[in-house]
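What follows is the residue order along each chain.
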Amino acid sequence: MQSHARVVVIGGGCVGAAILYGLAKKGWSDIALLERTQLTAGSTWHAAGLLVSYGRSHNFGRMVSKTLEIYGGLHGDTGQDIGLHICGQLRVANTKTRLDEFRSYIGIADAQGIRAHIVSPAEIRELAPLLEGNRTMLGGLYHPDDGHVAPADVTQAMAKGARDRGAKIYLNTEARAFEQLGSGEWRVTTNQGTITCEHLVLATGNYARQTAAKVGLDLPAIPIIHQYWVTEAIPQIIERKRKGLPEMPILRDEAYAGYLREEGDGLMFGPYETVENLKLFAVDGVPEWFGADLLPEDFDAVAANWDAALNAVPALANAGIKSNVRGPFQMTPDELPLAGPAWGLNNLWLAEGVPGGILWGGTLGHYLAEWIVEGGTSVDMSEIDPRRFGAYANKAWTKLKVQEAWGTHADLHFPGEDLAAARPAKTAPSYDLLGSRGAVWGVMNGWEIPRWYAPEGVEAVQDYSHRQTKHGIHVAAEVAAVRNGVGFVELTPMTKFEVSGPGASAWLDRILANRLPSVGRICLAHQLSPKGTVLAEYTVTRLGEEFFYLVSTPRAQRHNFDLLRRSLPSDVHFSLRDVTDERGCFTIVGPHARDLLQTLTEVDLSNSSFPWLAAQVGDMGLAGDVRFLRINYEGELGWEIYHPLPYQRMLLQQVLDAGEAYGLRLVGVEALESLRLEKSYRAMYRDMNPALTALESGLHRFIHFDKGDFIGRDALLSQKNEGGPSRRLVPLSIAPGGDASVIAHESVSVEGRLTGRVTSGGYSYHFGRDLAMALIESRDTRPGTQLEVNIFGEQRDAVVIEESPYDPGNERSRL
């Protein structure tokens, strides 16, 4: 075995081979893959090989399309057949709610560039004639370009393509230890010797937790056990082939909760296990005896699925069973891979926890290679970045969430859904008191956070829908309180960092695009990539000459801390601390916010003493060292109040008691979303992300080119000097229609021409119509431009509007 390589990939499944292939296609030949036994020996060889493009995220659609593109080119590149079948996929709805799910997806597919359309029961019977027993279908969703592939063949083809370009693959080579050297390189110790590399990539499938533990990481991934059956030959399929008819599409019917596709002259049926019947694998490590093995059949776990399938597809009942395939594959709490940089470690990359390695393999190989070679990706991979989970995602939590994720895989799911397992886990001291006041809880970064508040007599339970929900009337009242009176928002989950000490200001000035505020002032600043794309957004408060308080979105706690850590100079003399768990956050906001808050503190809150975008430290009730920031996400007079967490329960009671005289209303994050859309405030990972430049996201007023050099400046200047970005984020006002609201990812068109997509949106309770942020072609961004947004498969009229339809001059914030 060679002693050095530029990149070493650990793991010879589909994902590992795809990464090696992606790197080789990028022109890197000094690369190697280490596999403990043989290629495909893990979960790859027994995978069902499905290539399905149904995904409600714009980025997922693009990534799946990339997999199909890569696999489609493998035969031409390597000369190897990969058993690719483009037969389509058909999903059947037997309920109105399921059909709503499909209809709400059509506009998303349009923006993704994926062909999909709603089909009638008659069209379903034509596409899937074996579905004779279903008499309740209302319609379906058809993807003509989906299909399946032979997992082992596609893996071997990518391995060949990598070898042909100079890559090396070492079989029967077990990676036993990893050590990062002072140079930043990694030394990998194996049973065949050692190899040192600049970049180390872990793609070890069922061994993910064990492998990661060797470098000190606790990965939120645990294998689940899934099974499918293959039947003997079925006469109807033999007859179709004799007639030269095309292969029937992969068939998913919610009645039997599984997938059914042709396999040779028979059928493959893969029923989805429910929570109570799902078995986990290798929770405490893969057993020594386990290799390229299968596990015993477990018919009882899916007996109900079988009964339903036999009723829906009688041909299945008449066929003999040829084989059962039951084995483990990795699962994460949200059914998405952990792909990207490992936190806390340099030059270490993860491609672990991949549920569906065949589907994800091609795209992970392409985009991880792009990230390693070019320092960034052309698509936003935030949704699968391994740093999206925090320290709360330990093994005990992950077990419960993995069981829930796969166990509800076939269930109806809704936008913004927070599932119940492993909750509550993280709670602020305000939890019980706010719960007694009707809080309906959601989750952010493991924390419980109020979504909305149920008034007395209303059950405090979330109702989900693809259409507008019944609890909207209560959210409307919360919005009205903020706009006309005073509201209280619990925002303790916000991520909070402190940067202090000699050199802190010089460092922040280098990595942030905005000018740093003076002492006692606040600014909004963005951390950019060298390409000028948005990696993070911070509210930056300067508490001293070399003392800064940075606040960012809850989801970004681990991600942003790791991002800042990677940007630290080698001779750092200042400290970077994560103080998220040390301080709570309340927002008191609305026209009467000053009157209420002034009764609780001696800090002078008058405009002359405490102007907008200023910060002061003082007492509030019995709590000292309270940080008052005159800034908020709602666009009204208000303060964000960052207080020592042990004092929170006392402070909350004082606020509630004092608030009675001012009509204080408790306000959840659903109202917050409506309020921020009315101000055109951007949301991180939606309206800003690592694939969009700051100019594309419309952040011009926060970018100061004349302040001196900062990371991303040259790229943005180049984009600006070349006439500006070709696409830009703008606010839209959408004409009322029906009972469905815009959510995100829907297509936006101008006179039938696709111009872009919605990045975020929802119902504005103040204006009584939908508002959205949309990324569209720059030629269509002039205010007054008429467009159409595809909502529930219907084109709704929309118009580009000026920024901040509510109080564009920010007069309300300056009251």
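What you are looking at is a predicted structure, and each value in this text was computed from that prediction instead of being measured. (Residues numbered from 1 in each chain as written. Predicted model: local features only at pLDDT ≥ 70, side-chain atom pairs only at ≥ 80, totals over all residues. Heavy atoms only, no water.)

1. Regarding the overall build of the chain
Test applied: Numbering of helices and strands runs from the N terminus; a helix is a DSSP stretch of H or I covering at least four residues, while a strand is a stretch of E covering at least two. For this analysis, residues touch if any pair of their heavy atoms sits within 4.5 Å. Note on areas: these come from Shrake-Rupley sampling with a 1.4 Å probe, and a residue is covered only by the protein chains present in the view. Under the counting rule used here, the positive set is Lys and Arg, the negative set is Asp and Glu, and His together with the chain ends is not counted. The atom standing in for a charge is NZ when the residue is Lys, CZ when it is Arg, CG when it is Asp and CD when it is Glu.
Of regular secondary structure, the chain possesses 19 helices and 37 strands. Projected onto its principal axes, the C-alpha coordinates of the chain cover approximately 85 × 65 × 50 Å. Within the chain, contacts between residues at least 6 apart in sequence are counted, and of these 72% link residues at least 24 apart. Here the chain has roughly 29700 Å² of accessible surface; of this, 50% comes from carbon and sulfur atoms. One way to put it: in the chain the 78 positive side-chain charges average out to a point 3 Å from where the 98 negative ones average out.

2. Quick notes on the nonpolar core
We count it as follows: Only buried residues count toward a nonpolar core, which is a set of Ala, Val, Leu, Ile, Met, Phe, Trp, Tyr and Cys residues joined through side-chain atoms within 4.5 Å. Exposed residues in this analysis have more than 50% of their type's maximum accessible area, buried residues have under 20%, and partly exposed residues fall in between, with area computed by a 1.4 Å probe over protein chains only.
Membership of the largest hydrophobic core comes to 34 residues, with the highest contact counts inside it found for Ile19, Leu23 and Ile384. At the level of secondary structure, the elements contributing two or more residues to this core comprise strand E1 (4-10), helix H1 (14-25), strand E2 (31-34), helix H2 (58-78), helix H5 (151-164), strand E18 (348-352) and helix H10 (357-374). In terms of residue count, the dominant contributor to this core is H10 (seven residues).

3. Regarding the environment of Gln403
For Gln403, the position within the fold is in helix H11 (residues 395-407). For Gln403, a relative accessible area of 18% corresponds to the buried category. Between the alpha carbons of Gln403 and Asn277 there is a distance of 9.4 Å; along the sequence they are 126 residues apart. Contact partners of Gln403, with chain neighbours within four places excluded, come to Val275, Leu278 and Leu280.

4. Some words on helix H3 (residues 96-112)
Stated precisely, the cut-off is as follows: Given the number of residues in a helix, its expected span is that number minus one, multiplied by 1.5 Å. Consider a residue and the seven residues that end there alongside the seven that start there; fitting an axis to each set, the bend is the angle between those axes.
Over its 17 residues, H3 runs 25 Å from end to end, which matches the ideal 24 Å to within 8%, given 1.5 Å per residue. Within H3, the axis deviates most sharply at Ile106, by approximately 30°. Along H3, 13 of the 17 residues are buried, which leaves the element largely enclosed by surrounding structure. Directly after H3, the chain includes Gly113, whose backbone phi takes a positive value near 80°.

5. Examining the packing of aromatic side chains
Rules: For Phe, Tyr and Trp, rings pair up if their centres lie within 6.5 Å, where Trp contributes its six-membered ring, and each pair is then called stacked (planes under 30 degrees apart), edge-to-face (over 60) or tilted (otherwise). A ring is scored as having a charge over it whenever the NZ atom of a lysine or the CZ atom of an arginine sits within 6 Å of its centre and within 35 degrees of its normal.
Under the definition given, this model contains 26 aromatic pairs. Between Tyr54 and Phe102 the ring centres are 6.4 Å apart and the planes differ by 85°, which places this aromatic pair in the edge-to-face class. Pair noted here: Tyr54 is in the loop between strand E3 (50-51) and H2 and Phe102 is in helix H3, with a separation of 48 residues, a long-range link. The exposure class assigned to Tyr54 is buried, which follows from its relative accessible area of 18%. Overall, Phe102 belongs to the buried group, its relative accessible area being 3%. Directly above the ring of Tyr806 sits Arg483, whose terminal nitrogen or CZ lies 3.8 Å from the centroid. Above the face of the Tyr685 ring, Arg555 is positioned so that its terminal group lies 4.2 Å from the ring centre.

6. Section: the sheet that holds strand E13 (residues 250-253)
Stated formally: One bridge is not enough; two strands pair if DSSP finds at least two bridges between them. Only the contacting stretch of a helix is used when fitting its axis, a line to C-alpha atoms as for every element, and angles between N-to-C directions run 0 to 180 degrees.
Read across the sheet, eight strands follow the order E5-E6-E4-E13-E14-E15-E12-E16 without closing on themselves; strand pairing throughout is mixed. Sheet topology places strand E5 (117-119) and strand E16 (321-331) at the edges, where each strand pairs with a single neighbour. The sheet shows a mean angle of 25° between the axes of neighbouring strands, direction not considered. For strand E12 (residues 222-231) and E16, the ladder comprises 10 bridges, and the chain directions are antiparallel. Bridging from a neighbouring strand, Ile225 pairs with Pro328 of E16. Together, E12 and E16 form the strand contacts of H11, whose direction differs from that of E12 by roughly 25°.

7. Some remarks on the side chain of Asp298
Tracing the sequence through the fold places Asp298 in the loop between strand E15 (266-271) and helix H8 (303-312). Relative accessible area serves as the criterion here: at 16%, Asp298 is assigned to the buried category.

8. Quick word on the pattern of salt bridges
Cut-off, in case you're wondering: Salt bridge, as used here, is a side-chain nitrogen of Lys or Arg placed within 4 Å of a carboxyl oxygen of Asp or Glu.
Under the definition given, this model contains 52 salt bridges. A salt bridge links Arg566 to Asp562; the shortest N-O distance between them is 2.7 Å. Taken together, the positions of Arg566 and Asp562, both in helix H15 (residues 557-567) and four residues apart, correspond to about one turn of that helix. Its salt-bridge partner being Asp770, residue Arg796 comes within 3.4 Å of it at the nearest N-O pair.

9. Topic: the sheet that holds strand E23 (residues 522-528)
Taken together, the five strands give an open sheet; going across it, the order is E23-E24-E25-E22-E26, and neighbouring strands pair in antiparallel fashion. With one partner strand each, in any of the chains shown, E23 and strand E26 (575-578) form the two edges of the open sheet. On average, each strand axis in the sheet is tilted by 30° relative to the strand beside it, whichever way the strands run. Where strand E22 (residues 495-500) meets E26, four bridges bridge the pair, whose relative direction is antiparallel. Opposite Val499, over in E26, you have Leu576 as the bridge partner.

10. Some remarks on the environment of Asp100
Note on placement: Asp100 falls in helix H3. Each C-alpha atom, one on Asp100 and one on His573, is 56 Å from the other, the two residues being 473 residues apart in sequence. Beyond its immediate chain neighbours, meaning those up to four positions away, Asp100 contacts His466, Arg467 and Phe792.

11. Brief notes about the environment of Pro333
Position of Pro333 relative to the elements: it lies in the loop between E16 and strand E17 (338-341). With a relative accessible area of 11%, Pro333 lands in the buried category. When the C-alpha positions of Pro333 and Lys401 are compared, they lie 4.8 Å apart, and in sequence the two are 68 residues distant. Excluding residues within four positions of it along the chain, Pro333 makes contact with Pro220, Phe389, Trp397, Thr398, Lys401, Val402 and Ala405.

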